[in-house]
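Each chain, letter by letter, is given below.
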Protein chains: 2
Amino acid sequence: MNTDIFKALSDESRLRILNLLFRRELCVCELESILDMSQTNVSRHLNKLKYANMVLMTKKSKWAYYSINDQFIKENDHLIAYLKNNFSEDKDFVRDMKILISLEEDQALCSDSNIVKFV
Amino acid sequence: MNTDIFKALSDESRLRILNLLFRRELCVCELESILDMSQTNVSRHLNKLKYANMVLMTKKSKWAYYSINDQFIKENDHLIAYLKNNFSEDKDFVRDMKILISLEEDQALCSDSNIVKFV
DNA sequence: CTCTCATATTCATATATTTGAATATGTTAA
DNA sequence: TTAACATATTCAAATATATGAATATGAGAG
């Protein structure tokens, strides 16, 4: 049995990223801002999730947007249920989600504008 | 969210051990024999699973018997379903299970006898 | 009491993972 | 074309993990 998925899930930062991506696709700089992590690190963790086939990347002009791979969701429904369940019970993850939702409400995501809101 | 469980699952040997323990409790030397691994290594991996609260250990005279922690099963039902599903679809894991079942049929497990059958 | 067996632990080493800092690449705007 | 920006990659160092070999511990058999 392949352990790549479990290795990908063995890091708090990557779990926090997945939690947010379950809600919507996000670019690197948005994750960087919400999670208060370095650009280098966000990029690296996303790359690992991509390698494990858990997320997909698509380029939109300057931005690299990452999203949950639907195929991964379909093929791993029990695991997804487990993750979503645990995410919703963890206060740090709920806090991350609240930050994302408030950015949506303020229309402060990169996709809302050509103006770069994250520095 | 705690990554200890995913770290414990990030190793093929530990997954093979869990697969067998889902069927029944086993002592170290039985796992050593079925999995063809060194005693040192089986013991170490079991210790990690115990640390992650996934298995329990009980001493019976010379033998240390390990079993799945029922509390862990109850608290992580989706994850357990995911694991059992994947175990049953992996030919190496099915082979391990067949070896265990044939030992049961031959009454060749430590619990079947005072005579040590595994060397 | 001594030997053998089952298991855990220690030691040393190889390998993998994480991360900050610096740099490279490619895109957009002025 | 030049500057600012978004992202990926490289380099180096720190930390974690895996494992063989040797040894320690403790129980039961003779």
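Structure's up top.
Every value quoted in this text rests on a predicted model; they were computed, and no experiment measured them. (Residues numbered from 1 in each chain as written. Chains lettered and ligands numbered in written order. Predicted model: local features only at pLDDT ≥ 70, side-chain atom pairs only at ≥ 80, totals over all residues. Heavy atoms only, no water.)

1. So, the overall build of chain A
Then, in step 1: Assigned secondary structure in chain A consists of seven helices and three strands.
Then, in step 2: For chain A, the N- to C-terminal ordering of α and β elements is α-α-β-α-α-β-β-α-α-α.
Then, in step 3: For 119 residues, the compact-globule estimate of 2.2 N^0.38 gives 14 Å, and chain A sits close to it at 14 Å.
Then, in step 4: Across its three principal axes, chain A shows a C-alpha extent of roughly 45 × 30 × 25 Å.
Then, in step 5: Within chain A, buried positions represent 50% of all 119 residues.
Then, in step 6: Sequence separation of 24 or more characterises 62% of the internal contacts of chain A that already satisfy a separation of 6 or more.
Then, in step 7: Of note, chain A has its 17 positive side-chain charges centred 5 Å away from the centre of its 18 negative side-chain charges. (Helix = DSSP H or I, 4+ residues; strand = E, 2+ residues; numbered from the N terminus. Rg over C-alpha atoms; globule rule 2.2 N^0.38 Å. Buried < 20%, exposed > 50% of the residue type's maximum accessible area, 1.4 Å probe, protein only. Contact = heavy atoms within 4.5 Å. Lys, Arg positive; Asp, Glu negative; His and termini not counted. Charge placed at Lys NZ, Arg CZ, Asp CG, Glu CD.)

2. Quick word on helix α3 (residues 28-35) of chain A
Then, in step 1: For α3(A), the buried fraction is high: six of the eight residues fall into the buried class.
Then, in step 2: Buried residues of α3(A): V28(A), C29(A), E30(A), L31(A), I34(A) and L35(A), and no others.

3. Notes on the pattern of salt bridges
Opposite charge on two side chains permits them to pair, given that their charged atoms come into close proximity.
All names here are of chain B.
Then, in step 1: Considering all chains together, one arrives at 14 salt bridges over all chains under this definition.
Then, in step 2: Note that R16 is salt-bridged to D96, the shortest N-O span being 2.7 Å. Taken together, the positions of R16 in helix α2 (residues 12-21) and D96 in helix α7 (residues 91-105) put the pair 80 residues apart, joining distant regions of the chain.
Then, in step 3: Residue D96 is classed as buried on the basis of its relative accessible area, which comes to 0%.
Then, in step 4: Here K91 makes a salt bridge to D92, at a shortest N to O gap of 3.5 Å.
Then, in step 5: K91 sits in the exposed class, given a relative accessible area of 65%.
Then, in step 6: For D92, a relative accessible area of 27% corresponds to the partly exposed category. (Salt bridge = Lys/Arg side-chain N within 4 Å of Asp/Glu carboxyl O.)

4. Details of the relation of the copies chain B and chain A
Then, in step 1: Superposition of chain B onto chain A requires a rotation of 180° combined with a translation of 0.0 Å along the rotation axis, giving an RMSD of 0.0 Å. A rotation of that kind, with that shift, is consistent with a two-fold axis.
Then, in step 2: The share of interface residues of chain B whose copies in chain A are also at the interface is 100%, consistent with both copies meeting through the same surface. (Least-squares fit on C-alpha atoms with pLDDT ≥ 70 in both.)

5. With respect to the packing of α3(A) against helix α4 (residues 39-51) of chain A
All names here are of chain A.
Then, in step 1: Look at α3 against α4: their axes get within 9 Å of each other, and the N-to-C directions meet at 115°. Both α3 and α4 take part in a crossing whose hand is right-handed. Note on element contacts: α4 touches α3 through Q39, V42, S43 and L46, opposite V28, L31 and E32. (Axes fitted to C-alpha atoms, helices over the stretch in contact; angles between N-to-C directions. Left-handed = near helix turned anticlockwise from the far one by under 90°.)

6. Some points on the side chain of E104(A)
All names here are of chain A.
Then, in step 1: You can see E104 is positioned in helix α7 (residues 91-105).
Then, in step 2: What makes E104 buried here is its relative accessible area of 19%.
Then, in step 3: Excluding anything up to four places from it in sequence, E104 contacts R23, R24 and L109.

7. Side note on the sheet that holds strand β3 (residues 63-68) of chain A
Residue and element names in this part refer to chain A.
Then, in step 1: Strand order in this open sheet of three strands is β1-β3-β2, and the pairing throughout is antiparallel. With partners counted over all chains shown, the strands left at the sheet margins are β1 (26-27) and β2 (55-60), one partner each.
Then, in step 2: Inspection of the sheet shows β1 paired to β3 by two bridges, in the antiparallel sense. Bridge pairing in β3 links L26 to Y66.
Then, in step 3: Strand contacts of α4: β2 and β3, with the helix running at about 120° to β2, the strand carrying the most contacts. (Pairing = 2+ DSSP bridges.)

8. Quick look at α4(A)
Residues and elements named next belong to chain A.
Then, in step 1: Compared with an ideal rise of 1.5 Å per residue, which puts 13 residues at 18 Å, α4 spans 18 Å between its outermost C-alpha atoms and is within 8% of the ideal.
Then, in step 2: Those residues of α4 that fall on the buried side of the exposure criterion are V42, H45, L46 and L49. On an axial view of α4, the arc spanned by its buried residues comes to 100°, and they lie on one face. Exposed positions of α4 whose direction lies more than 90 degrees from the buried face are R44 and Y51.
Then, in step 3: Looking one or two residues past α4, N53 carries a phi angle of roughly 65°, positive in sign. (Expected span 1.5 Å × (residues − 1). Arc of directions from axis to C-beta.)

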